[in-house]
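Each chain is listed here by its residues.
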Amino acid sequence: MRRCGDPDDWGGQFTCRTPACANCRGREIGKQWRKAKTRFANVGNDDLAFLSHVIGATPNVDEVGAIFKTFAKDLRNLIDSNRRKRRRWNAVESLLWLETDAIMAGDYIHLAPDKMEQLGELAPMFVHQNGPVWIVTAHGIVSHPGVDLQEVRAEFERRWPGHKRVDLRAFWDNQTKEKNLRGIINYSLKHECRTHLGLYSESWPMSWMTEYYSYLHGWSRGFYRMRSIVGRKTSKKDVMLLADSYGNNKDEYIEPIPFIYTNRHSDIYFN
Ligand SMILES: [Zn+2]
């Protein structure tokens, strides 16, 4: 990681590609923004939403990846089960990134009331724990053409009950889709490593950063593991039905599907 972009090393061409590296995170944000603009090229600003989701909490940093992976599978299952009931869910997509918060167990009592209630449900270990508790979250984009945002939110809240665990809100309508995508991807991949307590926030102690980044640094293909994608579902049958229903039945209307998505079947790109 120290050699990343070092002009003395491979003429500055070497990149370490670990999420623990600020250089590489910056590059990854640009790359993911370009990909997101392509992915959502045919979706309007008003069919896109920003998701912040509190997945779980653990005192063991090396469980963070497994918690996120389980969430990614559960999310795919939720979307798939809705697709079996209602075809308009076929066009729903999610593009999310893992982010980790941490607080000292003893600081639990200083949390804002909402946060205290939310985390108290997820992490009863606060009572006994001395070290940091790692709070696993997902941030990113949900695309929902043809499905009302409230319906998507209700499904998420039913699957993940608990105090304000799911925060799903429409894209800001006072700025362009591209700017919204950029802001959310930047936010999702930032890894600011700060603890927020009510009105105050402070940087994690160096020992927490070392623990967390050492853990992330051990991931090969780290940026892939920090991302969960559920793509839209397409099939030849769907494409034909879409052609028939286009403009006739508002409930069944789904955006025309770009050719590049036709090989994908609600894949989740996660390893
Ligand atoms: Zn790097």
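Below, the structure is looked at part by part. What you see is a predicted model, and the numbers here were worked out from it, not measured in a lab.

1. What about the overall build of the protein?
Then, in step 1: Each helix and strand counted, the protein has eight helices and seven strands in total.
Then, in step 2: A burial count over the protein gives 30% of its 271 residues as buried.
Then, in step 3: By sequence separation, contacts in the protein at least 24 residues apart represent 77% of the contacts at least 6 residues apart.

2. Points about the pairing of strand β1 (residues 48-58)
Then, in step 1: With eight of its eleven residues buried, β1 lies for the most part within the structure.
Then, in step 2: In terms of strand pairing, β1 meets strand β3 (residues 132-143) through ten bridges, oriented antiparallel. Bridge pairing in β3 places F50 opposite I141.
Then, in step 3: Where β1 meets strand β4 (residues 166-170), five bridges bridge the pair, whose relative direction is antiparallel. What sits directly across from S52, in β4, is D167.

3. A few points about the packing of helix α1 (residues 22-39) against helix α5 (residues 177-188)
Then, in step 1: Where α1 meets α5, the closest approach of the two axes is 9 Å, and the angle between their N-to-C directions is 140 degrees. When the axes of α1 and α5 are compared, the pair comes out oblique. The two elements α1 and α5 cross, and the hand of that crossing is right-handed. Only E178, L181, R182, I185 and N186 of α5 make contact with α1, whose side of the interface consists of I29, Q32, W33, A36 and K37.
Then, in step 2: The residue inventory of the contact of α1 with α5, partitioned by class, reads five nonpolar, two polar and three charged.

4. Points about the nonpolar core
Then, in step 1: Ranked by size, the top nonpolar core spans 48 residues in total, and within it I135, V136 and I141 carry the most contacts.
Then, in step 2: Residues in contact with I135, not counting those within four places in the same chain, are V54, A57, T100, D101, A102 and L119.

5. As for helix α6 (residues 206-217)
Every α-helical turn comprises 3.6 residues, leaving residues that sit three or four positions apart pointing alike.
Then, in step 1: If you check α6, its first and last C-alpha atoms are 16 Å apart, about what twelve residues at 1.5 Å a residue would give, namely 16 Å.
Then, in step 2: For α6, the complete set of buried residues consists of W208, Y212 and L216. All buried residues of α6 fall inside an arc of 60 degrees around its axis, so they share one side. With respect to the buried face of α6, the exposed residues turned more than 90 degrees away are M206, S207, T210 and S214.

6. Comments concerning the sheet that holds β1
Backbone-to-backbone hydrogen bonds pair the strands of a sheet. The strands run either parallel or antiparallel.
Then, in step 1: With antiparallel pairing, the five strands of this open sheet are ordered in space as β4-β1-β3-β2-β7. This sheet does not close on itself; its edge strands, each paired only once, are β4 and β7 (227-230). Between one strand axis and the next, the sheet turns through 20 degrees on average, direction left out of account.
Then, in step 2: Of the strands in this sheet, β1, β3 and β4 are in contact with helix α4 (residues 149-159), which crosses β4 at around 170 degrees.

7. So, the pairing of strand β6 (residues 200-203)
Then, in step 1: By the bridge criterion, four bridges tie strand β5 (residues 194-197) to β6 in an arrangement that is antiparallel. Across the sheet, residue T195 finds its bridge partner in β6, namely E202.
Then, in step 2: Joining the antiparallel neighbours β5 and β6 is a turn of two residues, in which G198 adopts a positive phi near 55 degrees.

8. Description of unusual backbone geometry
Peptide bonds are trans in most cases, and residues, glycine excluded, mostly fall at negative phi.
Then, in step 1: With phi around 60 degrees, R17 is a residue other than glycine that occupies positive phi space.
Then, in step 2: Along the chain, the position of R17 falls in the segment before α1.
Then, in step 3: Phi at K164 takes a positive value of approximately 50 degrees, unusual for a residue other than glycine.
Then, in step 4: With respect to the secondary-structure elements, K164 resides in the loop between α4 and β4.

9. Points about the environment of R34
Then, in step 1: Tracing the sequence through the fold places R34 in helix α1.
Then, in step 2: Separated by 148 residues in the primary sequence, R34 and R182 place their C-alpha atoms 8.9 Å from one another.

Parameters and conventions
- Residues numbered from 1 in each chain as written.
- Predicted model: local features only at pLDDT ≥ 70, side-chain atom pairs only at ≥ 80, totals over all residues.
- Helix = DSSP H or I, 4+ residues; strand = E, 2+ residues; numbered from the N terminus.
- Buried ≥ 20, exposed ≤ 12 C-beta atoms within 10 Å, placed from the backbone.
- Contact = placed C-beta atoms within 7 Å.
- Pairing = 2+ DSSP bridges.
- Axes fitted to C-alpha atoms, helices over the stretch in contact; angles between N-to-C directions.
- Parallel < 35°, antiparallel > 145°, perpendicular 65-115°, else oblique.
- Left-handed = near helix turned anticlockwise from the far one by under 90°.
- Nonpolar A, V, L, I, M, F, W, Y, C, P; charged D, E, K, R; others polar.
- Core = buried A, V, L, I, M, F, W, Y, C linked by C-beta atoms within 7 Å.
- Expected span 1.5 Å × (residues − 1).
- Arc of directions from axis to C-beta.

All quantities given are derived from atomic positions and should not be read as evidence of function.
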